[in-house]
Amino acid sequence: MKKYNYILLLIFVIIFSGLAAGDTTRSCTAQYFVSIKPSDGTEGITYPPFTGQGTTTIFAPNTARKKARANLNECACSWGDQDEEERYCSETNQIYNYPFPEGLLTQITNDLCGRYPGHRNFIIDLNAVFQGDKGCLGFYPPDPRFPGLNNMWNARLATNYEITCPI
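Nothing here was measured: the structure is a model prediction, and the numbers come from that model.

**Here we look at the side chain of Thr-24**
Thinking step 1. By secondary structure assignment, the location of Thr-24 is in strand β1 (residues 23-37).
Thinking step 2. On the basis of relative accessibility, which here comes to 7%, the residue Thr-24 falls in the buried class.
Thinking step 3. Among the polar contacts listed, one links the side chain of Thr-24 to the side chain of Arg-26, at a separation of 2.6 Å.

**Section: the pattern of salt bridges**
A side chain with one charge can pair with a side chain of the opposite charge if their charged atoms come near.
Thinking step 1. Under the defined criterion, the tally for this structure stands at three salt bridges.
Thinking step 2. Where Asp-125 meets Lys-37, a salt bridge forms, and the shortest distance between an N and an O atom there is 3.5 Å. On the criterion of sequence distance, the pair formed by Asp-125 in strand β5 (residues 121-131) and Lys-37 in strand β1 is long-range, its members being 88 residues apart.
Thinking step 3. Given the relative accessible area of 31%, Lys-37 is considered partly exposed.
Thinking step 4. For the salt bridge of Asp-133 with Arg-65, the shortest nitrogen-to-oxygen distance reads 3.9 Å. Placement of the pair is Asp-133 in the loop between β5 and β6 (152-164) and Arg-65 in helix α2 (residues 61-77), with a sequence separation of 68 residues.
Thinking step 5. Judged by its relative accessible area of 13%, Arg-65 falls in the buried class.
Thinking step 6. Within the structure, one salt-bridge network assembled from shared partners comprises Lys-37, Asp-125 and Arg-156.

**Observations regarding unusual backbone geometry**
Thinking step 1. Residue Pro-38 follows Lys-37 across a cis peptide bond; omega there is -25 degrees.
Thinking step 2. Within the secondary structure, Pro-38 is located in the loop between β1 and β2 (45-46).
Thinking step 3. Despite not being glycine, Gln-94 shows a phi value in the positive range, around 60 degrees.
Thinking step 4. One non-glycine residue, Asn-97, lies in positive phi territory at about 65 degrees.
Thinking step 5. The residue Asn-97 is located in the loop between β4 (95-96) and α4 (104-115) in this model.

**Let's talk about the packing of aromatic side chains**
Thinking step 1. Scanning the model with the defined rule gives seven aromatic pairs in all.
Thinking step 2. Between Tyr-32 and Phe-100, the aromatic rings sit 5.8 Å apart at their centres with planes inclined by 55 degrees, giving tilted as the arrangement. Taken as a pair, Tyr-32 in strand β1 and Phe-100 in the loop between β4 and α4 lie far apart in primary sequence, 68 residues in all. Each member of the pair, Tyr-32 together with Phe-100, is buried.

**Details of the state of the cysteines**
Thinking step 1. Going through the model one piece at a time under the given rule, you end up with three disulfides.
Thinking step 2. Note on cysteine connectivity: Cys-28 is disulfide-linked to Cys-136, with sulfurs 1.9 Å apart. Taking the torsion about the sulfur-sulfur bond, which here is approximately -80 degrees, the covalent link between Cys-28 and Cys-136 counts as left-handed. You can see Cys-28 sitting in strand β1 and its partner Cys-136 sitting in the loop between β5 and β6, a full 108 residues away along the chain.

The rules behind each value
- Residues numbered from 1 in each chain as written.
- Predicted model: local features only at pLDDT ≥ 70, side-chain atom pairs only at ≥ 80, totals over all residues.
- Heavy atoms only, no water.
- Helix = DSSP H or I, 4+ residues; strand = E, 2+ residues; numbered from the N terminus.
- Buried < 20%, exposed > 50% of the residue type's maximum accessible area, 1.4 Å probe, protein only.
- Polar contact = N/O pair within 3.5 Å; in protein donor to acceptor, adjacent residues only side chain to side chain.
- Salt bridge = Lys/Arg side-chain N within 4 Å of Asp/Glu carboxyl O.
- Phe/Tyr/Trp six-rings, centres within 6.5 Å; stacked < 30°, edge-to-face > 60°.
- Disulfide = S-S within 2.5 Å.

That is the geometry; function is a separate question.
Dropping the structure here:
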């Protein structure tokens, strides 16, 4: 019987050490929304989502999500500086499927000026919505006052930002 117990212990140690050595990667998503002010018949723009990832030990998946959210925060907050955006919104910072190779501000300008050629300037609000499981959210545990935000969090990145179309 002792031999049987030692074999079980050995198997348990091997399995446990394999798990402890492993890492886990979790992800969160973000998406930009542009609102035009005043709307005067113009519609805002919704951009495609992109993913942030975080990696940590296998025993801390929510910590991995918090790292993913932190990576997305760095990316989202860098939208106004193309050099920072290139650095923070890249795979080096575990950001994947970032849909703005020329930068978000350039994309917004091109989209608005191309869609509404009669307008010279636009005043916009820029928002990012973050989605994912526990750890990706703006607050945890979920706030019962906001039941719709239990797996989503909205961040205002800019208010009354002026976009000027090139001549």
